[in-house]
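Single-letter residue listing:
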Amino acid sequence: DFLDEMDGADFVYFPSVHRVHVVQTDPRGREKSVEFNTYWVRLAIDERSDGRSSISLVSRGQQTRIADFLSDEERREFAAVLGDELQKARTQVAF
């Protein structure tokens, strides 16, 4: 599973259908952890004119850039897989 193939810089997982959890590790080994509600979070993809890209998870004024260490091609593939997983989680959420 592509989401599990993260090299330790970012780790994205779904502890439940209601939550997506991101753990980011900087080069010094310090971790930053954020969690989003799968129903409200939006996957933002920024495609620049020079062919570079970035992806972020955005919800309620909070934005977390993810997968910066991937190549642009890998980042696009990761965004597609993550988008599919978020959609699956949303369809399973019962309020």
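Everything quoted here is computed from the prediction, not taken from an experiment.

About the cut-offs
Residues numbered from 1 in each chain as written. Predicted model: local features only at pLDDT ≥ 70, side-chain atom pairs only at ≥ 80, totals over all residues. Heavy atoms only, no water. Pairing = 2+ DSSP bridges. Helix = DSSP H or I, 4+ residues; strand = E, 2+ residues; numbered from the N terminus. Axes fitted to C-alpha atoms, helices over the stretch in contact; angles between N-to-C directions. Contact = heavy atoms within 4.5 Å. Buried < 20%, exposed > 50% of the residue type's maximum accessible area, 1.4 Å probe, protein only. Core = buried A, V, L, I, M, F, W, Y, C linked by side-chain atoms within 4.5 Å. Salt bridge = Lys/Arg side-chain N within 4 Å of Asp/Glu carboxyl O.

Colleague: Give a description of the sheet that holds strand 1 (residues 10-16) that names residues and reports values.
Modeller: Strand order in this open sheet of three strands is 1-2-3, and the pairing throughout is antiparallel. At either end of the open sheet lies a strand with only one pairing partner, and these are strand 1 and strand 3 (31-37). Pairwise comparison of adjacent strand axes, ignoring direction, gives a mean angle of 20° for this sheet. The strands touched by helix 1 (residues 72-92) within the sheet are strand 1 and strand 2 (19-25), with strand 1 carrying the most contacts at an inclination of about 15°.

Colleague: Requested: an account of the environment of Val23, with residues and values cited.
Modeller: Here Val23 shows up in strand 2. With relative accessibility at 14%, the residue Val23 sits in the buried group. Between the alpha carbons of Val23 and Val34 there is a distance of 6.6 Å; along the sequence they are eleven residues apart.

Colleague: Got a sec to walk through the nonpolar core? Specific residues and values, please.
Modeller: In terms of nonpolar packing, the biggest core is built from 15 residues, with Leu57, Ile66, Phe78 and Leu82 touching the most fellow members. Going through the elements one at a time, strand 2, strand 3, strand 5 (53-59) and helix 1 are the ones with two or more residues in this core. Here this core gets four residues from one element, more than from any other, and that element is helix 1.

Colleague: Describe unusual backbone geometry, listing the residues and the values that go with them.
Modeller: Among all residues save glycine, negative phi is the norm, and among peptide bonds the norm is trans. Even without a glycine there, the phi angle at Arg60 is positive, about 50°. Residue placement: Arg60 occurs in the loop between strand 5 and strand 6 (62-66). Note on Arg60: relative accessible area 71%, which makes it exposed. A positive phi is found at Ala67, a non-glycine position, where the angle reads about 65°. Within the secondary structure, Ala67 is located in the loop between strand 6 and helix 1.

Colleague: Which residues make up the pattern of salt bridges, and what are the values?
Modeller: Counted by the stated rule, this structure contains eight salt bridges. Close ionic contact of Arg30 with Asp26 constitutes a salt bridge, the shortest N to O distance being 2.7 Å. The residue Asp68 makes a salt bridge to Arg65 at a minimum N-O spacing of 3.1 Å. Several salt bridges share partner residues, and in doing so they unite Arg52, Asp72 and Arg75 into one network.

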